[in-house]
Amino acid sequence: MADILIVEDEFSINELIRKNLNLTGHHCTQAFDGLSAVDLLENGKFDLIVLDIMLPGLDGYQVLERAFGTPTIFLTAKSELSDKLKGLSMGADDYLTKPFQMLELTARVEALLRRTKKTETEFILGNMRCDFVRHQIFFNETPVECTPKEYELLEVLIRNRNIALSRDKLLDIVWGFDFEGGTRTVDVHIQRLRHKLHLEEYIKTVYKLGYRLEV
Ligand code: CA
């Protein structure tokens, strides 16, 4: 599960990408022009960007310059071979030529996510260690019993550390859009994580919004 920004001015293509990435379990944010894409990048954290080149406002290259190293897949029209090369030399990680098969896009997205997540296999905070490969949390190197949801919630907080996450966003990411319980579920799980892992001073409550892991 990843947070993906889709930047594509053609509404129908943008929607199609969103639906397919939603189906593969990802959370998508959509932008339809370059300026709003940059705005979203400055105010949020994404695991991956699917980025069209020809866009109103700022073009894909200008957006990429402000992507702060976020893994990026460029979408280019077939005629724009030199654009692909330019995109790759500027730091895009992959590209797809339009028109493309949705299955190819989702496969490339998964491959790029796997590649980029490899760089972070664990996270250490004080006496707590979170092993992203084994999905196991340790305290003083002793495994801590956690439910899958508790683990997932902690991983989301870690991967978005220092960013305030609303209860609704946490619900969407960890429990999914169709979850029928309320945001109280998030509060209960946060309390358990704080207690079990002694993270009271690190998992901050953000007034009227949600939570932030502060490191
Ligand atoms: Ca376009």
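Details of the structure are given in the entry above.
Participant: Sorry if this is basic, but what is going on with the coordination of the calcium ion here?
Facilitator: Coordination angles at a metal have ideal targets, namely 109.5 degrees for four tetrahedral donors and 90 or 180 degrees for six octahedral donors. Coordination of the calcium ion by the protein is provided by D9 (OD), D52 (OD) and M54 (O), with metal-donor distances spanning 2.1 to 2.4 Å. For the calcium ion, the single-chain donor residues occur in sequence as D-x42-D-x1-M. D52 sits in the buried class, given a relative accessible area of 4%.

Participant: I keep staring at the pairing of strand β7 (residues 128-131) and nothing clicks. Help me out?
Facilitator: Side-chain direction in a regular strand flips from residue to residue, so the side chains alternate between the two faces of the sheet. Of the two faces of β7, both are covered, the one formed by M128 and C130 as well as the one formed by R129 and D131. Inspection of the sheet shows strand β6 (residues 122-125) paired to β7 by 4 bridges, in the antiparallel sense. Across the sheet, the residue bridging to F123 is C130, located in β7. As consecutive antiparallel partners, β6 and β7 are separated by 2 residues, and within that stretch G126 has a phi angle of approximately 60°, a positive value.

Participant: Explain the nonpolar core here, please?
Facilitator: The tendency in soluble globular proteins is for nonpolar side chains to be buried as a group. Judged by nonpolar contacts, the single largest core of 28 residues is most densely connected at M128, C130, L154, L157, L170, L197 and I203. With 6 residues, the single largest contributor to this core is helix α6 (residues 148-159). If we ignore the near neighbours within four places in the chain, the residues touching M128 are F123, I137, F138, F139, L154, L197 and L199.

Participant: What is the right way to read unusual backbone geometry from this model?
Facilitator: Excluding glycine, residues mostly have negative phi values, and the peptide bonds linking residues are mostly trans. The step from K98 to P99 runs through a cis peptide bond, and the omega angle for that step is -5°. Along the polypeptide, P99 turns up in the loop between β5 (94-98) and α5 (102-117). Phi is positive for K208, which is not a glycine, with a value near 65°. In this structure, K208 sits in the loop between β11 (203-206) and β12 (210-213). According to the relative accessible area criterion, K208 is exposed, its value standing at 72%.

Participant: Looking at this model, I keep getting lost on the sheet that holds β5. Mind explaining?
Facilitator: Backbone hydrogen bonds hold the strands of a sheet together, and the pairing may be parallel or antiparallel. Taken together, 5 strands build an open sheet; the order of strands is β2-β1-β3-β4-β5 and the sheet is parallel. Edge positions in the sheet fall to β2 (27-31) and β5, since each of these pairs with one other strand and no more. The sheet shows a mean angle of 20° between the axes of neighbouring strands, direction not considered. Here 5 bridges tie strand β1 (residues 3-7) to β2, and the two strands are oriented parallel to one another. Its bridge partner being in β2, V7 is matched across the sheet by A31. Against the sheet, helix α1 (residues 11-23) contacts β1, β2, β3 (48-52), β4 (72-77) and β5, and its axis sits at roughly 170° relative to β2.

Thresholds, definitions, all that
- Residues numbered from 1 in each chain as written.
- Predicted model: local features only at pLDDT ≥ 70, side-chain atom pairs only at ≥ 80, totals over all residues.
- Heavy atoms only, no water.
- Donors = N, O, S within 2.8 Å, 3.2 Å for Na, K, Ca; no water.
- Buried < 20%, exposed > 50% of the residue type's maximum accessible area, 1.4 Å probe, protein only.
- Helix = DSSP H or I, 4+ residues; strand = E, 2+ residues; numbered from the N terminus.
- Pairing = 2+ DSSP bridges.
- Core = buried A, V, L, I, M, F, W, Y, C linked by side-chain atoms within 4.5 Å.
- Contact = heavy atoms within 4.5 Å.
- Axes fitted to C-alpha atoms, helices over the stretch in contact; angles between N-to-C directions.

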